[in-house]
Amino acid sequence: MARINPNYSRLAAGYLFPEIARRTREFSAANPDAQILRLGIGDTTESITPTIIAGLHEGVDRQANVATYSGYGDSEGKGDLRESLAGWYDEIGAKIDPSEVFVSDGAKSDSSNIQSIFSTDSVVAVQDPAYPVYVDSNVVSGRTGDSVEGRYEGLVYMACTEENDFFPALPEGKVDLIYLCSPNNPTGAVATHEQLEGFVKYARENGAVILFDSAYAAFITDPTLPRSIYEIEGAEECAIEISSFSKWAGFTGVRLGWTIVPKALRCEDGEAGVLHGLWTRRQNTFFNGASCIVQAGGVAALSPEGRQEMQGLVTYYLENARIIRDALAELGITVFGGDNAPYVWLQAPGGMDSWGFFDKLLTECHVVGTPGAGFGPSGEGYFRLSAFGHRENVEEAVARIRTRLTL
Ligand code: PL4
């Protein structure tokens, strides 16, 4: 008789974003005249730029001609895209060989799948708050116990609070896998070189592996801040980087990402090359590669013209973030992030809890945000507003918050 994976029953709550959608739908049904503005899910809204669209078209056209048609490709990705990505790393001073680049259909699936190459008894440390996929994928894989008062037993929560500028202290004991995300979802904090150096040193000394999510790297405009963990010396021996075209190129619907597994990467029982080989094996076995059409779009995105156009999108969303941040600050709300990141992280006013503030913002302003508690226990009392959105909607949301929110 088939039996279900019992670890699913450990999941403490429904997945955050569908839960937000459900509550918003319920509100809309009860208030059909309310015009809802969505600053909740971090989803791009501006159209894909001409150079990238031309690349996508070229990918389509190749499929129309028997001489250029291609069927299945390598599950690791097309050579030209892997080379272009390695070239981008080279520009920022990180030496990545194209064979260490694994093209994917996005950072979400890779950040969930990557744990499968590590032992099921690995001790996992996550930033708290964090993108929920890191925790949930490890719960389902059996690396945690039950959730007790909002914390999974066996999971190491690295608190990111106002006191530590939303970047965690090193784990006190020995952990095996460490999830870091910079620029951070949800706090908008960006790790400095020094902060990452501390984690790289810890990982090398403890045989741990850092799983570094850089999905928002394109939003870093401060040249002193690292855009990749591989800007840190020695990181190639202890870190995997997971990243995405979603927010950089507007590919949230198109789907394209990549993961770097360096050949120098090692862990307690795996010499250099072993983890690279395991991820190759994993991808060869479970993945048939990202769409060749989409990969052609990725190559175009990384061309000089594509890069310039993508920078225009990033600048647009960062201006949205500034508008949100400045307006909230003027209202006396304590705000963080939003300068090198597309998320503004705010303290729910009046000591409210985060779902309470979600309801208040929705009810009074018809604006949807994301409750901090959905990202982990340290997110309680905080709230995330996304800077992805049409300018006029962001301005309208801000105007409503100014005029309708009772503080
Ligand atoms: C909503 C830190 C957003 N349904 O698009 P991908 O798969 O390349 O990247 C997903 C991703 C990876 N890493 C980080 C992210 O924040 C995201 C996207 N997060 C958000 O609002 O937090 C979209 C979420 C989507 C989801 O569940 O991922």
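Going by the structure above, here's the rest.
Note that the structure is a prediction, hence the values are computed from the model and not measured. (Residues numbered from 1 in each chain as written. Predicted model: local features only at pLDDT ≥ 70, side-chain atom pairs only at ≥ 80, totals over all residues. Heavy atoms only, no water.)

(A) Examining helix α11 (residues 354–365) more closely. Between its first and last C-alpha, α11 extends 16 Å over 12 residues, near the 16 Å set by a 1.5 Å rise per residue. Buried residues of α11: S354, W355, F357, F358, K360, L361, L362 and C365, and no others. Check the buried side of α11 and you find it contacts α1 (16–30), β12 (343–347), β13 (367–368), β14 (370–371), β15 (382–386) and α12 (391–404). Following α11 by one or two positions, H366 adopts a phi angle in the positive range, close to 60°. (Helix = DSSP H or I, 4+ residues; strand = E, 2+ residues; numbered from the N terminus. Expected span 1.5 Å × (residues − 1). Buried < 20%, exposed > 50% of the residue type's maximum accessible area, 1.4 Å probe, protein only. Contact = heavy atoms within 4.5 Å.)

(B) Broad picture of the packing of aromatic side chains. Applying the stated criterion across every chain, the model contains 25 aromatic pairs. Pairing F219 with F388 gives two aromatic rings, centres 5.8 Å apart and planes at 90°, and the pair type is edge-to-face. Separated by 169 residues along the polypeptide, F219 in the loop between β8 (209–213) and β9 (239–244) and F388 in the loop between β15 and α12 bring together distant segments of the chain. Judged by centre distance (5.1 Å) and plane angle (70°), the rings of W355 and F358 are edge-to-face. A residue pair is termed a helical-turn pair when its members lie 3 or 4 positions apart in one helix, as W355 and F358 do in helix α11 at three residues. (Phe/Tyr/Trp six-rings, centres within 6.5 Å; stacked < 30°, edge-to-face > 60°.)

(C) Focus on the sheet that holds β12. In space, the four strands of this open sheet follow the order β11-β12-β15-β14, with antiparallel pairing throughout. Looking along the sheet, the strands with just one partner apiece sit at the ends: β11 (335–337) and β14. Sheet topology places β14 next to β15; two bridges connect them, and they run antiparallel. Its bridge partner being in β15, T370 is matched across the sheet by R384. Against the sheet, α11 contacts β12, β14 and β15, and its axis sits at roughly 45° relative to β15. (Pairing = 2+ DSSP bridges. Axes fitted to C-alpha atoms, helices over the stretch in contact; angles between N-to-C directions.)

Just distances and angles here, no functional claims.
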